[in-house]
Every structure is written in structure tokens, then in C-alpha cells.
Amino acid sequence: MSASARVQIYDTTLRDGTQGEGFFLSGLDKMRIAKRLDEFGVDYIEGGWPGSNPKDIEFFKAAAKQNWSHAKVAAFGSTRRANVAVEDDPQVKLLLDAETPVITIFGKSWELQVTEVLRTTAEENQAMIRDTVRHLKGAGREVVYDAEHFFDGYKDGPEHAMATLQAAVEGGADWLILCDTNGGCLPSEIADLTRIVSEAFPDTPVGIHTHNDCELAVANAIASVDAGSTQVQGTINGYGERTGNCNLTSVIPILELKMGRKAVNDLTKMRDLSYFVDDVSNNPHFARAAFIGRTAFSHKGGMHVNAVQKLARTYEHIRPEQVGNEQFILVSELSGQSNILIKAEEMGLPLKKGSDEALNILAQVKELEQTGYSFEAAGGTLELLIRRELGHCTRPWNLDEYHCSFRQYQDRTRPVCEATVKLKVEDEEAYTVAEGHGVVNALDKALRKALVSIFPAIENVSLVDYKVRILDSEEATASKTRVLIVHTDGEATWGTVGVSDSIIEASWIALSDGIDLFLQRSRS
Ligand SMILES: [Zn+2]
């Protein structure tokens, strides 16, 4: 294996990541994230466990229809149960039904787990691994074998742990993945055992799956790659159960920039992907995150600022642009510009560096961010802002007023929200009323009713996601609400954001901007 060979990245944000507290993804969220992972260039996307819930089965149905440009989608599950023929195991059948090119199964490496948890014999455990891998290989799938508790199991009984890997190899496994399931191992142990396994099974590539219980998940993955692993499993931003999984947003730049190993298509997209996953899962961004954190390249102290302005290398270990981040000099009006220039370019609305328009947009973005706006999952709002500044388009209606009310009945019938919208479209006045389940639904219906006769195309637009986040929660009643809305016209999806003291106003901003952007795009 040459030192420059590509390391395969296996993302499990959608499966192991969702085991983390506070990290929830809807079916739509999972697909949005999966598409971004594919663009970014990870090699495998583990979509879920089809045996565990119907949402995961839905994801695999949608994934089977999707055209993936680089990534292979993997379904995750376990080996067959003890004393059941593999053909008769319903969980194994569901794995095949998911119709993914890759299936990942985990098996028990630790004899203690076999006798105490599975309550079967070591021989039957090995047969379960061998049979299941062989069965899935027979169906033409790439099979990744996750050796659960491998390191703990090896320390307790090396013969048994190695015999389980042997069983997977005999079944025809394409990968042996060594898992530090409890996250308690040290880099030196991980390196030693990776080496032992790579030497014992020279024809089957080895990979690493680590957890962060000792804050060592990234270090352990790196140690394993150094010792011969060619696949790293992990999650974006390290989401995962307990203290989380190996953080891909740290491990990928280390592989590429420090070790000279290719891992993804375009490392400069990494910061955006990190923010995107935070925003879609409705989590705050960790400012001090290595490489992609907001403060990862910010300089405050006078002497540091002076030095980095002369020569960035003096206080920066990499160039921030390499991971899509930026240097922030906390006094400079210009910092933050290049991110906006790149995004505008991607939207087909190119801006010139240092132009009045670019600086005005930057100032507006900074001001909005101060008040709680975040644009990563709301590219639609940023696009509107750029379009308005460039004078490309103006909103095709003038709002006079909107109003909404909430009505709860004593007889426990479902409560109803009613909304009215009064606006002018090209001197025509529209005044509409609609009822809905909830404020957003009522406002959405009333706004569409007012616009549909003039812009019939909005019939094709629907609201597919609505997320609310309370900001500055320590200030209780003074807190602000951020609303994120996603619209689709059946082909494209776009996100818009609104922030206000009132949840209704925040919702209205995101909602009306989403419709506005659709109309502006269809005009140009
Ligand atoms: Zn795990």
C-alpha cells in the first residue's frame, strides 16, 4: 500500500450519528445530507438500519432511485440470529430488500458478549458471521464486515477475536472494519492491533471505526491509517452516541493536508458541509471546532494580527481556504468576503471582489448574522439578498398587512389557525383569508391564494420542511426565534430563514422569501 493511496471515507452520520442525543433527522433531512455527502466525495454513505425503523426503509427506497455521482449507499444490520438459517432470518432479508450496492453487517468479536449477551457458543457465532457474509456476497453485494468490540475482544481473548475475522474472510468479506465500540482504547493499541490484523489477512483491506469517549476517536483513526487501514468510518461534526463518533471534519483534512492521502473530491467544501449538517439537524455550530469552526482561524491579539497579516504561516497551521474556511481578523471590515464571492459564483450571480455590491452584501450578511441569521441551510435567503443588491429583481408584490389567529374549541375539536393577507400585485389589490393547521400552514395558504391567479406556477411549489430554533435562550422572554423553511417545486429544493422576536414574523419572513425566490428565479 503506497503512502499516497486514497483512504476510503465511510460516512455514518445518517445511522450512527442519529444515535446521538439531540441529533434527529427526518426522511427529507437524510436525503438532503446524503446528496451533499455525495457531492463532497465520500465513498460510502450508510443510510440506516432497514430492520430498525420504517423511516430507514423509506430512505433506501428513495436512494435506489437517486443518481449518485460518487458515493455508494450502504445498508447496515447484524449477522443472522443464532440457530436460524440465514435464508430464514427476516432482518437479513430486509437488508437485501434495501437494494443497496453495499451491505454492512456487524458481528461479535468479544467472546464475553457471545456467551453473556447472545447466549450462544463461539462456534455458532463464527458460523453466523460466515453464513451471513457468504449469503450477502452470493446476492452480489459488496460486504463490509464491522467487527464490533474488536479491540476489547482481542485484549480479552485474541484467538476468538481473530477467529471471527477469519470467518468473515471465509465468507468473502470485502472489508474488515475494526471497531472501538466503547471508545476506550489508546492510539498505540489501535496501531498495534491494526498491524496484526493487516498482516494476518493481507488480501482483505482493513478499516477503522472509532468512538470519542476518551477524546481520541480522530487520533485513533489516524493511528490505524498509519498502521495500514485504508477505510475510515465516522460522522460529520462527530455526531454520535455518548461523546460521539470519529469526527470526519477533522480526520479528512488531517489525512489530506498532513498525511498526503487523498480522501474526498473537494476539501474546500468541507466547512459548508459542516454548517449544513448543523443547520439541517437544528444544532448550534461549535465555534472552536478544529479546521471548520468559526474561530479556527480568527485572530484577535494585536501582535498576532500584525504577524498573520504579514505572513499567515506565522500563526496558522494550514491555509484556511484549504478547508473552505476563512481568516478572520476581528477588526477588519473585509474578512468574510471570499465565502460570499464563492457562493454568488455558484448561484450564477458573480460578484467582483472588493466591488461596492460585494461589500454591501457582506455588511448586510454580517448585520443579519449578528441578529441570529444563519445562511448555510438557507442559501435561498442569501440568493435573494444578492439578487436584490444586484438590482436583478424586486419582489413582485407589496405587502400591506397580514394577520393570524389561533382558535381552540372547548369540545376538543382540532384547533384552527386563520390567516389573512392583504397585498398589491401590479396595482391589483388582493385580500385573502385561509384556515390551516398551525400558523405557517394558514399563512402559506392565504399568501398563495393572493398570488395564484397572477402567478399560476406557484401551484407547483410546496413547503416541505419547517424548523424552529430559539436563540439566546438564557434571556428567556427576550429570546429570538429562527425559522428555517424548505420549499420544493418537485425538482429543486431551496431553504430560507427568518429571525424575529415573534415566531409568526420569523415564519412569515422565511415563508414569503421562499415564494419570492421561486418567482424571481422563474422570471430570470
Ligand atoms: Zn459505532
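Residues numbered from 1 in each chain as written. Predicted model: local features only at pLDDT ≥ 70, side-chain atom pairs only at ≥ 80, totals over all residues. Heavy atoms only, no water.

Details of the coordination of the zinc ion
Next up, step 1: Taken together, the protein donors to the zinc ion comprise D16 (OD), H209 (NE2) and H211 (NE2), at separations of 2.1 to 2.2 Å.
Next up, step 2: Coordination of the zinc ion draws on donor residues from a single chain, spaced D-x192-H-x1-H in sequence. Of the two residues, D16 is situated in the loop between β1 (8–11) and α1 (27–40) and H211 in the loop between β7 (206–210) and α9 (217–226); the sequence distance between them amounts to 195 residues. (Donors = N, O, S within 2.8 Å, 3.2 Å for Na, K, Ca; no water. Helix = DSSP H or I, 4+ residues; strand = E, 2+ residues; numbered from the N terminus.)

With respect to the packing of helix α13 (residues 337–346) against helix α14 (residues 356–370)
Next up, step 1: Between α13 and α14, the shortest axis-to-axis distance is 10 Å and the interhelical angle comes to 110°. When the axis of α13 is compared with that of α14, the two are roughly perpendicular. Seen along the crossing, α13 lies across α14 with a hand that is right-handed. When α13 is examined against α14, the residues Q337, I340 and L341 are found in contact with a partner set consisting of A358, L359, I361, L362 and V365. (Axes fitted to C-alpha atoms, helices over the stretch in contact; angles between N-to-C directions. Parallel < 35°, antiparallel > 145°, perpendicular 65-115°, else oblique. Left-handed = near helix turned anticlockwise from the far one by under 90°. Contact = heavy atoms within 4.5 Å.)

Structural notes on the packing of aromatic side chains
Next up, step 1: Using the criterion set out here, one finds 11 aromatic pairs in the structure.
Next up, step 2: Ring centres of W49 and F76 lie 5.5 Å apart, and the angle between their planes is 85°; on these two criteria the pair is classed as edge-to-face. You can see W49 sitting in the loop between β2 (44–48) and α2 (54–65) and its partner F76 sitting in strand β3 (residues 72–78), a full 27 residues away along the chain.
Next up, step 3: According to the relative accessible area criterion, W49 is partly exposed, its value standing at 25%.
Next up, step 4: An aromatic cluster is defined as three or more aromatic residues linked by ring pairs; in this entry it consists of W49, F76 and F106.
Next up, step 5: Here the basic side chain of R15 rests over the ring of F76, its NZ or CZ set 3.5 Å away from the ring centre.
Next up, step 6: The ring of F276 has R36 lying over it, and the distance from NZ or CZ to the ring centre is 4.2 Å. (Phe/Tyr/Trp six-rings, centres within 6.5 Å; stacked < 30°, edge-to-face > 60°. Buried < 20%, exposed > 50% of the residue type's maximum accessible area, 1.4 Å probe, protein only. Lys NZ or Arg CZ within 6 Å of the ring centre and 35° of its normal.)

A few points about the sheet that holds strand β14 (residues 462–471)
Next up, step 1: The 3 strands lie next to each other as β14-β15-β16, forming an open sheet whose pairing is antiparallel. In this open sheet, the two strands that pair with only one neighbour each are β14 and β16 (493–500). Taking each pair of neighbouring strands and ignoring which way they run, the sheet shows an average axis angle of 15°.
Next up, step 2: Pairing of β14 with strand β15 (residues 480–488) involves 9 bridges; the strand directions are antiparallel. Its bridge partner lying in β15, K467 is registered against L484.
Next up, step 3: Sitting on the sheet, helix α17 (residues 503–523) is in contact with β14, β15 and β16, with an inclination near 145° to β16. (Pairing = 2+ DSSP bridges.)

A word on the nonpolar core
Next up, step 1: Within the largest apolar cluster, 98 residues are counted, with the highest numbers of intra-cluster contacts made by F150, L165, V232 and I252.
Next up, step 2: In this view, I252 contacts I9, F40, A263, V264, L267 and M270; residues no more than four positions away in its chain are not counted.
Next up, step 3: With 31 residues, the next largest nonpolar core counts A446, L447, V461 and W508 among its residues. (Core = buried A, V, L, I, M, F, W, Y, C linked by side-chain atoms within 4.5 Å.)

Focus: the pairing of strand β13 (residues 428–436)
Next up, step 1: Pairing geometry for strand β12 (residues 416–425) and β13, over 9 bridges, is antiparallel. The residue of β13 that forms the bridge with L423 is A430.
Next up, step 2: Counted along the chain from β12 to the antiparallel partner β13, the turn is 2 residues long, and its residue E426 has a positive phi close to 45°.

Brief notes about the sheet that holds strand β6 (residues 175–180)
Next up, step 1: As summarised here, the arrangement of the 8 strands in space is β1-β2-β3-β4-β5-β6-β7-β8, forming a closed barrel in which the pairing is parallel. In this sheet, adjacent strand axes meet at a mean angle of 25° when their direction is disregarded.
Next up, step 2: Where β3 and strand β4 (residues 102–108) come together, 5 bridges link them in parallel fashion. Looking at β4, one finds that S78 is bridged to F106.
Next up, step 3: Across the sheet, α9 touches β6, β7 and β8 (231–234), and the angle it forms with β7 is around 170°.

Some remarks on a nonpolar patch on the surface
Next up, step 1: On the surface, a nonpolar cluster with roughly 310 Å² of combined accessible area is contributed by Y466, V468, I470 and I503.
Next up, step 2: Per element, the largest residue contribution to the nonpolar patch is 3 residues, and it comes from β14.
Next up, step 3: Secondary-structure assignment places V468 in strand β14.
Next up, step 4: We classify V468 as partly exposed; its relative accessible area is 30%. (Patch = residues over 30% accessible without salt bridge, like charges linked within 9 Å, V, L, I, M, F, W, Y side chains within 5 Å. Areas by Shrake-Rupley, 256 points an atom, 1.4 Å probe, with all protein chains shown as cover. Salt bridge = Lys/Arg side-chain N within 4 Å of Asp/Glu carboxyl O.)

What to know about the environment of F297
Next up, step 1: As for its position among the elements, F297 is in the loop between α11 (270–280) and β9 (298–299).
Next up, step 2: With relative accessibility at 2%, the residue F297 sits in the buried group.
Next up, step 3: Separated by 80 residues in sequence, F297 and A217 place their C-alpha atoms 23 Å apart.
Next up, step 4: Look past the residues within four positions of F297 in its chain and what remains in contact with it is F291, E316, H317, I318, P320, V323, N325, E326, Q327 and F328.

Looking at the packing of α14 against helix α15 (residues 379–390)
Next up, step 1: Direction vectors running N to C along α14 and α15 enclose 140°, while the axes themselves pass 10 Å from each other. As judged from the angle between their axes, α14 and α15 are oblique. Crossing of α14 against α15: the hand is right-handed. Taken together, the residues of α15 that come into contact with α14 (itself represented by E357, N360, I361, Q364, V365 and L368) are L382, L385, I386, E389 and L390.
Next up, step 2: Counted by class, the contact of α14 with α15 contains 7 nonpolar, 2 polar and 2 charged residues. (Nonpolar A, V, L, I, M, F, W, Y, C, P; charged D, E, K, R; others polar.)

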